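Here is what each chain is made of, one letter per residue.
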Amino acid sequence: MMPIAPEIGHSLHDLLKADPGRFAESARAMTVPDLAEALRTLPPDQATDMVCALPFDVAVALFDEPELEGHRIAIAQRLPRDEATRLIEAMSADQQADLLRELEPADRKRLLEVLDPATRESMTVLLAWPPDSAGGIMTTEFTAVPAEWTAGRVLAHLRQVAETKETIYAVYVVEEGTGRLQHVVSLRELLQADESTPVRRVAPKRRLITIPPGASRLDAARVIGKYNLLALPVVDETRKLLGIVTVDDVIDALVAEQTRQVQRLGGLEALDLPYTEIGFGAMIRKRAGWLCALFIGEMLTATAMGHFEEEIARAVVLSLFIPLIISSGGNSGSQATSLIIRALALRELTLRDWWRVALRELPSGLMLGSILGVIGVIRILLWQTMGWYDYGAHAVLVAVTVGLALVGVVTFGSMAGSLLPFLLRRLGFDPASASAPFVATLVDVTGLVIYFSVALLVLRGTLL
């Protein structure tokens, strides 16, 4: 789907000022995600004017749309207090919680005080869990019925509450009084059952697929994907049903998580807002820390070169291949890091698998380094033979030095890049912090040490 052009948002705002009736018709004709995207292209004041002019049901659907996330808090703060309260109370519970999390604690407390008791109680439950947990992305708008109800009574109940529930495709049978989950029945099974059949007997007993509220949202996504669920029940240690995680919420959570992972892999802190909406100062703060750390790390490269200053002065030809050597090691390390971080994220690997990775990456690094080493040797000898460059009387030894150094540097880069994510995970950090720039900086320094150490062994008594 093509993104909404910024001109559409401004056109809608112009239409609002010229003809509010036509604006409402045009807004209803648009899909809610497109309308949300159009509003995001506008300044908050103009977007607020449009929300105030929308039919209430459209405004509620708009505020429920994740596409508006990051912008809706600015709109809510500009709405009249009564209108904002009414709008928030009509939102789905999980989106209410997301909006409240965006507020400063003092503003959140004031808003909770004016919400109706039922909404306030629901928000208290949801906000108690971290936003990246199953409890943090679950909704309390599910359909739960006592085991004694008949299929006909459940269907009649669904007709009454369908508008207020996140999903009605699954009905959760709970123990009356305790709320403990006993059974799950699909809407299809209800429609096919005799209306006099107790709901607990509508479908064959099956193993209940649930998740605790403290589990990560990525765990929830894996369970939903593994069992092809539309919704996943969230239960506490007593198996009391607390809420459900729906597949659309999981998709939104996965997109947000992958965005953060990609940003960390690029060598910066994860952004809290879309790129076009984050302020200049915040952008500098997010990027400067990592850049400074990487810059300080790269200073060690100059230190390493200073240590081998005498060797470089005696064999200047070696300096020609420094960029080649360290970039090859950095590239191999970045490749390995990307593969391992992804495998850890998908639970294809665990911390105990580090030795398997090491045994796999060692021969891989040696083979990859050998391939690059052969190419490097051929290149130097070809240039020398064709007369395109004179590497001196010891060109063959220079070629051997470069070839062996490439084997060592690429092997070290593969090993460091593959094992660093395990080390960070073991220390309690996000493995994505082992970003490509970080690994490249590490390999730059060690690559120089390996290169000149090989040169000392091969060229001793000739150039050195």
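Structure: above.
Residues numbered from 1 in each chain as written. Predicted model: local features only at pLDDT ≥ 70, side-chain atom pairs only at ≥ 80, totals over all residues. Heavy atoms only, no water.

Asks: Could you give an account of the overall build of the protein chain, naming the residues involved and the relevant values?
Replies: Looking only at helices and strands, the protein chain features 21 helices and 5 strands. A globule of 464 residues ought to have a C-alpha radius of gyration of about 23 Å, yet the protein chain, at 30 Å, is considerably larger. Taken over the C-alpha atoms alone, the protein chain extends approximately 95 × 60 × 40 Å along its principal axes. Taken over 464 residues, the protein chain has a buried fraction of 45%. Excluding contacts between residues fewer than 6 apart, the proportion of contacts in the protein chain whose partners are at least 24 apart in sequence is 67%. As presented, the protein chain carries roughly 24,000 Å² of accessible surface, and 60% of it is formed by carbon and sulfur atoms. (Helix = DSSP H or I, 4+ residues; strand = E, 2+ residues; numbered from the N terminus. Rg over C-alpha atoms; globule rule 2.2 N^0.38 Å. Buried < 20%, exposed > 50% of the residue type's maximum accessible area, 1.4 Å probe, protein only. Contact = heavy atoms within 4.5 Å. Areas by Shrake-Rupley, 256 points an atom, 1.4 Å probe, with all protein chains shown as cover.)

Asks: Break down helix α2 (residues 20–29) for me, citing the residues and quoting the values.
Replies: In an α-helix there are 3.6 residues to a turn, and that puts residues three or four apart on one side. Within the sequence span of α2, burial applies to F23, A24 and A27. One side of α2 holds all its buried residues, which, seen down the axis, span an arc of 100°. Exposed positions of α2 whose direction lies more than 90 degrees from the buried face are E25 and A29. (Arc of directions from axis to C-beta.)

Asks: Could you give me a rundown of the packing of aromatic side chains, with the residues and numbers involved?
Replies: For the structure on display, the rule yields 5 aromatic pairs. Centre to centre, the rings of F142 and Y172 are 6.3 Å apart; their planes meet at 90°, and the pair counts as edge-to-face. Here Y172 lies in strand β2 (residues 170–174) and F142 lies in the loop between α11 (134–137) and β1 (144–146), a separation of 30 residues in the sequence. Accessibility expressed as a relative area gives 13% for F142, which makes it buried. Residue Y172 is classed as buried on the basis of its relative accessible area, which comes to 1%. Look at W383 and W388: their rings are 5.0 Å apart centre to centre, the planes differ by 85°, and that puts the pair in the edge-to-face class. Residue classification places W383 among the partly exposed positions, given a relative accessible area of 27%. A residue is classified by how much of its surface remains accessible, and W388, at 51% relative accessible area, is exposed. Of the aromatic side chains, those joined through ring pairs into one cluster are F321, Y389 and Y391. Taking the ring centre of F56 as reference, the NZ or CZ of R86 above it sits at 3.8 Å. Residue placement shows R379 over the ring face of W383; its charged tip is 4.4 Å from the ring centre. (Phe/Tyr/Trp six-rings, centres within 6.5 Å; stacked < 30°, edge-to-face > 60°. Lys NZ or Arg CZ within 6 Å of the ring centre and 35° of its normal.)

Asks: Explain the pairing of β2 to me, and be specific about the residues and the numbers.
Replies: Within β2, 5 of the 5 residues are buried, which leaves the element mostly enclosed by the surrounding structure. A two-sided burial pattern is seen for β2, the buried positions comprising A170, Y172 and V174 on one face and V171 and V173 on the other. Looking at chain direction, β1 and β2 are connected through 3 bridges and run parallel. The residue bridging P146 from the neighbouring strand is V174, located in β2. Remark: the β1/helix α12 (residues 151–161)/β2 crossover connection has right-handed handedness. Pairing analysis gives 5 bridges linking β2 to strand β3 (residues 181–186), with the strands arranged antiparallel. (Pairing = 2+ DSSP bridges. Right-handed = clockwise from strand over helix to strand, strands pointing away.)

Asks: Please set out a positive patch on the surface residue by residue, giving values where relevant.
Replies: Taken together, the side chains of R180, R200, R201, K205 and R239 make up a positively charged region of the molecular surface. Its location among the elements puts R201 in the loop between α13 (187–192) and α14 (217–227). (Patch = residues over 30% accessible without salt bridge, like charges linked within 9 Å, V, L, I, M, F, W, Y side chains within 5 Å. Salt bridge = Lys/Arg side-chain N within 4 Å of Asp/Glu carboxyl O. Lys, Arg positive; Asp, Glu negative; His and termini not counted. Charge placed at Lys NZ, Arg CZ, Asp CG, Glu CD.)

Asks: An account of unusual backbone geometry is requested, with residue identities and associated values reported.
Replies: In this model, N228 sits at a positive phi of 55°, which is unusual for a non-glycine residue. For N228, the position within the fold is in the loop between α14 and β4 (231–235). The residue R239 is not glycine, and still its phi comes out positive at about 70°. Positionally, R239 belongs in the loop between β4 and β5 (241–246).

Asks: Break down the layout of surface pockets for me, with residues and values.
Replies: Here the second largest pocket defines a volume of roughly 710 Å³. Its residues assigned to classes, the lining of the second largest pocket comprises 12 nonpolar, 9 polar and 11 charged. (1 Å grid on protein atoms, 1.4 Å probe; cavity = no way out; pocket = protein on both sides within 12 Å on 5 of 7 lines; lining within 4 Å. Points joined across faces, edges and corners; volume = space filled by probe spheres on them. Nonpolar A, V, L, I, M, F, W, Y, C, P; charged D, E, K, R; others polar.)

Asks: Before we move on, can you summarise the packing of helix α18 (residues 322–345) against helix α20 (residues 395–426) with the specific residues and values?
Replies: α20 packs onto α18 with a crossing angle of 30° between their chain directions and a minimal axis gap of 7 Å. Considered as vectors, α18 and α20 are oriented roughly parallel to each other. By crossing handedness, the relation of α18 to α20 is classed as right-handed. For the pair formed by α18 and α20, the contact residues are L324, I325, S328, G329, S332, G333, A336, T337, I340, I341 and L344 on the first element and V402, A405, L406, V409, V410, G413, S414, G417, S418, P421, F422 and R425 on the second. Residues of the contact of α18 with α20, tallied by class, amount to 13 nonpolar, 9 polar and 1 charged. (Axes fitted to C-alpha atoms, helices over the stretch in contact; angles between N-to-C directions. Parallel < 35°, antiparallel > 145°, perpendicular 65-115°, else oblique. Left-handed = near helix turned anticlockwise from the far one by under 90°.)

Asks: Mind laying out the pattern of salt bridges, listing which residues take part and the relevant values?
Replies: This model, assessed by the stated rule, comprises 9 salt bridges. With a shortest N-O distance of 3.8 Å, R72 and E102 are connected by a salt bridge. One end of the pair, R72, is in helix α6 (residues 72–78); the other, E102, is in helix α8 (residues 93–102), and 30 residues separate them in sequence. R356 is paired through a salt bridge with D353; the nearest N and O atoms lie 3.2 Å apart. Classification of R356 by relative accessible area gives partly exposed; the value is 45%.

Asks: Tell me about the side chain of D353, and name the residues and values.
Replies: Relative to the helices and strands, D353 resides in the loop between α18 and α19 (354–386). If sequence neighbours within four positions are ignored, D353 has contacts with E348 and F422.

Asks: Can you explain the sheet that holds β1? Please cite residues and give values.
Replies: Read across the sheet, 3 strands follow the order β1-β2-β3 without closing on themselves; strand pairing throughout is mixed. Of all strands in the sheet, those bounded by a partner on one side alone are β1 and β3. Each neighbouring strand pair of the sheet contributes to a mean axis angle of 35°, computed without reference to strand direction.

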